[in-house]
Structures are given as C-alpha cells and as structure tokens.
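Notes for the structure review
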Amino acid sequence: MLPTLALLLTCQLIGEVVARGFGLPVPGPVLGLALLLAVLIARPTLAATLRPSVSVILAHLSLMFVPAGVGVIGNLDVLSEDWVALLVILVVSTLLAMLAAVGTFLGVRWLTEGRQP
Amino acid sequence: MTGVESLWSYLSATPLLWLTATVVAYLLSDRTARSLGYPPWANPVLMSVLLIAPVLWLSGTTYDVYFDGAQFIHFLLGPATVALALPLWDNREMIRRSVAPILFALLAGSVVAAGSAILMARGFGLPTEIILSLGPKSTTAPVALGISEAIGGIPTLTAVLVILTGIIGAVTVTPLMTLLRIRDWRARGFAVGIAAHGIGTARAFQVNQVAGAYAGIAMALNALLTSMIVPALVRWLM
C-alpha cells in the first residue's frame, strides 16, 4: 500500500509542479494521471503492484466527494433565490450531455467498427 | 456540565471528530446502498451528506470547522485521479479499438454539457456571474473551480453545482440508459463520466468495471477539454 501511495503522490506532485511551472490550464492530478500511464507503459510489471491498493481507492471514490458535498448544505442560501431554475438547468443539461455523448459514441462506433451487439 | 463542555471544546478543535463522522457516515451509506443492491436513487454521496448535515446543524458547527477535519479525505481526490491511470492501462486494448468514438463523444458531450447549461441559464434570465459559475459544472471539482475563477464565476457556487451535477448524473444514468436499451458498457460509462465527473465514475464502477474504466477516461479527458472549451463557449454564447 505505501509504495502505491508514494507513487500516486509523486505523480501528482510532478503534475502540479509542471502545471504551475508552465502556467498550463490543466490540473496537476490530470497531468499526474498521464504521467502514471507513461510509467505503466515503460514498466508494465508495476500494474500488479498497484492493483490491490488502487482497487480499494477507486471502489470508494464516492467517499472523497462527501466533504465537498456537505458544502452544498452550507451554501443553501446562495441557491435559495434561483434554485428552481438551477435544478431544471442541471437536470436537463446533464441528461442532454449524456445523450449527446452516448449517441455520438454509438454513432461513431457504428461508422468505424460496424454493428456490434 | 463543564466536563461535557470541555470535552466538546477539545473535540471541536481537532480534526478527529469530523474526519471520523465523514468516514462513518459514508460506511453507513455504502452498506445501506449495497444491502439494497445499489439502486440508482441510493447515492452514497447524497446519503452521507444527508446524515452529516443535520449533525452539523444541531451542534451549531460551521462548514469551515467541519472541513478542517474532512479536508484529509477531500485531499485524496488528487491521488484518486492519478490512480485512474490503472483502469486505463488495464483496458488499453479496448480503448485503442475505440479511439474515434471516444474523441467524438468527448467533444459532443463536453460542448453540450457546458453549452446547454449556459443557454438555458440565459433563457431563465439568471445573473451573469451565476451563468459563468454554471459553465464548468460537468468537470471534476478541482478543475471546475479553476475555470470558474478564470472566467469570472463564483468558485463556491461552482463547487455546489459540480456536486449536484455529479449526483444528478449518477442517479439518472442507469434508468436513462436502460430506457434507451443501450447495452454497450463503454458508451454508458463514457456518457456518465463526461456529464457527471467523479461521482458519475464512482456510480459506473458500482455497476460495471468496463463502464467504470470508460467513465474514468471520459472524466480525465473532459478535465483537459473543458478548460479550453468553456472560456470559448462563454465568449460565443454570452
């Protein structure tokens, strides 16, 4: 577990340093993700070392959104004025985004791969 | 009375209490959701918030005090984002075979997520700073806050809208995809990752490992793309 944590944190740290150092609009953890992917391509055997701890982390991804989620309750006064409009916008826009993504994915898949089950 | 008060003043001054409360609330929520068979409406983030919020309210605890403890968990969002490299690596063959669907679905989903929100907010006549705060709502929280700040939105409002979007996407994706009879786990996962970032990705991992991997790809790529697209959309649509 500790070697995995050390590798994840190191990738994030390097990502953060590069993003800030070069003033990139990309967040540090996303660059860290790309870096870890490059590490895995260079050293495929690392995947087996990472897998047990990473599975635990990703299985509990929801936990990490709870602190920010509680902030929703703390900001109810900000939302109170326009909450109906905001709720309609969030629901409709989220559904539209999923429809656009799934429709495009299936359409392009059909064009490039042919029909599949 | 003074014993209780001094105990409370000790506990409320250390991160221990709210860190524990957050982990326990999540465990209870996750166990409950699992025992129900992970139905779409039993979202663990939503349930945890509904458990913690009344405790904060009844004990007169401010969000800042709560966050002093909970920030240790919040911090893990960074390493968890990095960790998404592993499912990408594990599914590399499948991803290589669907590069074209991934890139086009990324562009379509990202533009519709931000564009539809901005246009509808204009239609409702919402104030400009709220419209600007809505733009990056489908991106993962740390990215969305940066974008919101850069284009003149209110970062704290954006944080709220990002979490609500994630919960809405996670709750609606399964009924929507089942209704449309879409059986391709790649497409289903990708759609929820684009529209509902990490909370949607967590939901996808609950349902199917391939869907989870594709949701992770979508979330990571969308984090890259939204930071370029939203400022342009705002200039064009406002």
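Residues numbered from 1 in each chain as written. Chains lettered and ligands numbered in written order. Predicted model: local features only at pLDDT ≥ 70, side-chain atom pairs only at ≥ 80, totals over all residues. Heavy atoms only, no water.

Using the following cut-off: UniProt positions are given in the numbering used here, feature names are shortened, and annotations may be inferred rather than shown by experiment.
As recorded in an unreviewed UniProt entry, chain B goes by LrgA-associated membrane protein LrgB and comes from Roseicyclus elongatus DSM 19469. What UniProt states about chain B under its Subcellular location (unreviewed entry) heading is, verbatim, "Membrane".

**Brief notes about the packing of helix α4 (residues 66-74) of chain A against helix α4 (residues 63-75) of chain B**
Our working definition: Axes here mean lines fitted to C-alpha atoms, for a helix over just the part in contact, with angles spanning 0 to 180 degrees between N-to-C directions. A helix here means a DSSP run of H or I that spans at least four residues, while a strand means a run of E at least two residues long, and both kinds are numbered starting from the N terminus. When describing relative orientation, an angle under 35 degrees is termed roughly parallel and one over 145 degrees roughly antiparallel, while 65 to 115 degrees is termed roughly perpendicular and anything else oblique. We call two residues in contact when some of their heavy atoms are within 4.5 Å.
Where α4 of chain A meets α4 of chain B, the axes come as close as 8 Å, and the angle between the chain directions of the two elements is 155°. The pairing of α4 of chain A with α4 of chain B is recorded here as roughly antiparallel in orientation. Between α4 of chain A, through V66, P67, A68, V70 and G71 of chain A, and α4 of chain B, the contact on the second element is made entirely by Y63, Y66, F67, A70, I73 and H74 of chain B.

**Quick notes on the interface of chain A and chain B**
Just so we agree on the cut-off: Note on terms: buried area is the combined drop in 1.4 Å-probe accessible area of two parts once they are placed together, counting the loss on both. Criterion for a salt bridge: a side-chain nitrogen of Lys or Arg within 4 Å of a carboxyl oxygen of Asp or Glu. Polar contacts here mean pairs of N or O atoms no more than 3.5 Å apart (in protein, one a potential hydrogen donor and the other a potential acceptor; neighbouring residues in sequence count only if both atoms are side-chain atoms).
With 67 residues of chain A at the interface, the matching set in chain B holds 90 residues. When chain A packs against chain B, close to 6900 Å² is buried across both sides, 85% of that on carbon and sulfur atoms. Taken as a group, F65, M98 and F105 of chain A account for 11% of the area that chain A buries against chain B, more than any other trio of residues on that side. Counting every contact that joins chain A to chain B gives two salt bridges. A salt bridge links R109 of chain A to D184 of chain B, with the nearest nitrogen and oxygen atoms 2.5 Å apart. Joining chain A to chain B, the criterion identifies seven residue pairs in polar contact (both at pLDDT 80 or more). Broken down by secondary-structure element, the contributors of at least two residues to the side of chain A that touches chain B are α1 (2-21), α2 (28-42), α3 (46-59), α4, α5 (76-80) and α6 (83-113) of chain A. Among the elements that line the side of chain A that touches chain B, the one with the most residues is α6 of chain A, at 25 residues.

**Some details on the nonpolar core**
Definition in use: Residues belong to a common nonpolar core when they are buried Ala, Val, Leu, Ile, Met, Phe, Trp, Tyr or Cys residues joined through side-chain atoms within 4.5 Å. Relative accessibility decides the category of a residue: with a 1.4 Å probe and only protein chains considered, values under 20% of the type maximum give buried, values over 50% give exposed, and everything between is partly exposed.
Counting 102 residues, the largest nonpolar core has M98 of chain A together with Y66, L126, L134, M177 and F190 of chain B as its most contacted members. In terms of residue count, the dominant contributor to this core is helix α13 (residues 209-237) of chain B (14 residues). Dropping the residues within four chain positions of it, L134 of chain B is found in contact with L86, I89 and L90 of chain A together with A117, A121, L126 and L161 of chain B.

**Here we look at the side chain of S138 of chain B**
Residue and element names in this part refer to chain B. Within the secondary structure, S138 sits in the loop between α9 (128-134) and α10 (141-151). Overall, the relative accessible area of 5% leaves S138 in the buried class. Here K137 takes part through its side chain, which lies 3.0 Å from a polar atom of the side chain of S138. Separated by 3.0 Å, the side chain of S138 and the backbone oxygen of A195 make a polar contact. If near-sequence neighbours (up to four positions away) are discounted, S138 is found in contact with A113, T165, I194, A195, H197 and N222.

**Topic: the packing of aromatic side chains**
All names here are of chain B. What counts is decided by this rule: Two aromatic rings, drawn from Phe, Tyr or Trp (for Trp, its six-membered ring), form a pair once their centres lie within 6.5 Å of each other, and the interplanar angle then sorts them: stacked below 30 degrees, edge-to-face above 60, tilted otherwise.
Under the definition given, this model contains five aromatic pairs over all chains. Here the aromatic rings of W18 and Y66 are separated by 6.1 Å at their centres, their planes lie at 65°, and the arrangement is edge-to-face. In this pair, W18 is assigned in helix α2 (residues 16-35) and Y66 in helix α4, connecting sequence segments 48 residues apart. Classification of W18 as buried rests on a relative accessible area of 3%. Measuring from centroid to centroid gives 5.7 Å for Y63 and F67, while their planes differ by 40°, and the two rings are tilted. Placement of the pair is Y63 and F67 together in helix α4, with a separation of four residues, close to one helical turn.

**Considerations on the pattern of salt bridges**
If you walk through the whole model with that rule in mind, you get six salt bridges over all chains. A salt bridge links E93 of chain B to R96 of chain B, with the shortest nitrogen-to-oxygen separation between them at 3.0 Å. Residue E93 of chain B and its partner R96 of chain B are both found in helix α7 (residues 92-97); the two are separated by three residues, about one turn of the helix. A relative accessible area of 55% means that R96 of chain B is categorised as exposed. A cluster of three or more residues bridged by salt bridges with shared partners is formed by R109 of chain A together with D184 and R186 of chain B.

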